[in-house]
Amino acid sequence: MTTDILIIGSGIAGLNTACQLAKLRPDFEIVIATKSTLENSNSAKAQGGIAIPKNDPDSLQKHVADTFLAGDQFADPKLIEDILKDAHSVLEQMELYDLQFDMNSSGTLDRTIEGGHSERRIVHVKDFTGKAMINAMIKTLKGFKNITILENHISINLLQNEDPSHGFSCIGSTFVSTITGEVNNIFAKATILATGGIGSLYKSSTNIAGTNGEGLVLAHDIGAELSNLEFVQFHPTGLSAPKQTVPLISEALRGEGAHLVNEQNERFMSKYDPRMELAPRDIVSRAIVFELINDDAKHVYLDATHMNTDKFMDRFPEIYKICSEANIDPRTDRIPVVPIQHFHCGGIETDTMGRTNINSLFACGECACTSLHGANRLASNSLLEALIISKRVAELVSEIPDYSSKSTTTSKYSAYSLADNMYFEKLNLEIQDILTNEVGIIRTKNGLNYSMERLREIENAINQATPEERSLHYHVLKSKVKSAMFITQSALLRDTNCGCHFNINDQEQSQQIISNTTDQNGHFSVR
Ligand code: SIN
């Protein structure tokens, strides 16, 4: 199949690229491919909202400063400004989707606040902003005649072409149908990766299942640069529940007044940061882990019982539903919470236009890394970044020259077996254990070294698979272990703590904690 533009992934970044481009170029054929369905994405689970400052220079500068500080001063403030200067125009983008954010009684946008923000700037649709946006975008997308939707298709590699005058270009991708196993190449003038996050590398995450970080591997395999991979963000308040996909209890609830308390019902955040519950996420997550260690506890609590009940029900219906399903009434009960893997600040390196270092290959959304987030993302900056960069990508590819025409590539296989393999599943669980235990909120040198060694052994074991065993399951696992190794390797290479990367061996004052919480091999352990 040949198309003008190929988009891989259907979260907010993928959908927005497709719709903005279809509007700009009704003459283009656009394919949007997703390994699941359009409705099933991490974006659809986003509760909080989008950080959009008021339309004045002062508000923009404050947003830039908050982003810089939350990111532990790792990003370049000029780069941050280059992206955030378009934040306000996101409201105009929403006109295409006929999407209205919540208004307050004075008829202006209702802006909430979350951790690391110095002022109220987060626009939202109650506490289901992501779902509202995804539904509106799908409706718009289906109205465009020049967009082909390909669900249940997983990309297994990117195709490249050498043009003597231009060097290597990405000219499309090979896909496997997750329903039939059939293999197909799609050739395009430009390919956009919007494949999302890495949550399924961990035992528990707020991400949907299947977030294996495959975008990192697809891009790396054809020579794209990756960056900031060690900065894996944990959300401080996932509902304490032993599940692969853990429901989020939005930071906006803390923004509207909920407190964090420990086993003794003490509001503990004052010990760690003067901003208390509204400190940036890396700080709050670490503080919770230290409380759990001190109290030998399974969770801390989010206490919203003092909040106005009617306001709670009106503003947080999704959280009320999540709690009710767990037999918790947040109006009268404290909500048990723990930090949970949530977002990858690193990814496929791009400039602020979404360009990778490979011709005709672009990336946006969580799989990409513009470096806006530095070492720790400011809350509600991710949907914002996805919308700004995907619009810029749509504008760029609307004028892209075609390097794909000389292609003759055909796929090695005509179909993949879809059979599950118990041994591969065992290795998959071990990868999740390793990353959870050794590449989490608190890391140790020994733990990271052990992780790298064991992941290498797992990769070797996967490579021993016989030709008959080389199913789609095999392929997915091979890619998964690679992304796990990329992240571990980056964590090993960073020698000073910053943002989401916290290696306990780099902190002198942490010696006490080390001896209390590491086993004889120097691995960190908290239950
Ligand atoms: C939240 O609602 O707390 C999540 C928002 C985000 O990840 O930025």
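See the structure shown above.
Residues numbered from 1 in each chain as written. Predicted model: local features only at pLDDT ≥ 70, side-chain atom pairs only at ≥ 80, totals over all residues. Heavy atoms only, no water.

## Focus: the overall build of the protein
Counting its regular elements, the protein contains 15 helices and 17 strands. A compact globule built from 527 residues would reach a C-alpha radius of gyration of about 24 Å, and the protein, at 22 Å, matches this within 12%. On the principal axes, the C-alpha backbone points of the protein span a range of 65 × 60 × 45 Å. Taken across its 527 residues, the protein has 61% of its residues classed as buried. Sequence separation of 24 or more characterises 75% of the internal contacts of the protein that already satisfy a separation of 6 or more. Counting every atom, the protein has about 20,600 Å² of accessible surface; 49% of that belongs to carbon and sulfur. Both charge centroids of the protein, one from 48 positive and one from 66 negative side chains, sit 2 Å from each other. (Helix = DSSP H or I, 4+ residues; strand = E, 2+ residues; numbered from the N terminus. Rg over C-alpha atoms; globule rule 2.2 N^0.38 Å. Buried < 20%, exposed > 50% of the residue type's maximum accessible area, 1.4 Å probe, protein only. Contact = heavy atoms within 4.5 Å. Areas by Shrake-Rupley, 256 points an atom, 1.4 Å probe, with all protein chains shown as cover. Lys, Arg positive; Asp, Glu negative; His and termini not counted. Charge placed at Lys NZ, Arg CZ, Asp CG, Glu CD.)

## Examining the site of the ligand
Every residue lining the ligand is accounted for by Q47, G48, H235, L248, S250, E251, R281, H342, R377, A379 and S380. H235 is positioned such that a nitrogen or oxygen atom in its side chain is 2.7 Å from an oxygen atom of the ligand. H342 has a polar side-chain atom sitting 2.6 Å from an oxygen atom of the ligand. Protein coverage of the free-state accessible area of the ligand, which is 260 Å², stands at 95%. Classifying every residue of the shell around the ligand by side-chain character gives two nonpolar, six polar and three charged. (Near = heavy atom within 4 Å. Polar contact = N/O pair within 3.5 Å; in protein donor to acceptor, adjacent residues only side chain to side chain. Nonpolar A, V, L, I, M, F, W, Y, C, P; charged D, E, K, R; others polar.)

## Digging into the pairing of strand β1 (residues 5–8)
Here β1 shows two buried faces, one formed by I5 and I7 and the other by L6 and I8. In terms of handedness, the path from β1 via helix α1 (residues 12–24) over to strand β2 (residues 30–33) forms a crossover that is right-handed. As judged from the four bridges shared by β1 and strand β9 (residues 190–193), these two strands associate in the parallel manner. In the strand pairing of β9, I5 is matched with A190. (Right-handed = clockwise from strand over helix to strand, strands pointing away. Pairing = 2+ DSSP bridges.)

## Digging into the sheet that holds strand β7 (residues 167–177)
Taken together, the three strands give an open sheet; going across it, the order is β6-β7-β8, and neighbouring strands pair in antiparallel fashion. Both edges of this open sheet fall to β6 (153–163) and β8 (183–187), since each of them pairs with a single strand only. When the angles between neighbouring strand axes are averaged without regard to direction, this sheet yields 30 degrees. (Axes fitted to C-alpha atoms, helices over the stretch in contact; angles between N-to-C directions.)

## Here's the deal with the side chain of T129
Among the secondary structure elements, T129 is positioned in helix α5 (residues 129–143). The class of T129 is buried, set by a relative accessible area of 0%. Within the local environment of T129, its side chain forms a polar contact with the backbone oxygen of Q47, the two atoms lying 3.0 Å apart. Among the polar contacts listed, one links the side chain of T129 to the backbone oxygen of G48, at a separation of 3.5 Å. In this view, T129 contacts A46, Q47, G48, G49, F101 and H124; residues no more than four positions away in its chain are not counted.

## Digging into the sheet that holds β2
Pairing in this open sheet of five strands is parallel, and the strands run β5-β2-β1-β9-β16 from one edge to the other. On the outer flanks of this sheet lie β5 (147–150) and β16 (361–363), each paired with one strand and no other. Strand-to-strand, the axes of this sheet are offset by a mean angle of 20 degrees, without reference to chain direction. Pairing of β1 with β2 involves four bridges; the strand directions are parallel. Residue pairing for β2: I5 is matched across the bridge by I30. Docked against the sheet, α1 engages β1, β2, β5 and β9, running at close to 170 degrees with respect to β2.

## Overview of unusual backbone geometry
Here the phi dihedral of D72 falls at roughly 60 degrees; this positive angle occurs in a residue that is not glycine. Inspection of the secondary structure assignment puts D72 in the loop between α2 (57–70) and α3 (77–84). Its identity is not glycine, yet S360 carries a phi of approximately 65 degrees, on the positive side. Within the secondary structure layout, S360 lies in the loop between β15 (347–349) and β16.

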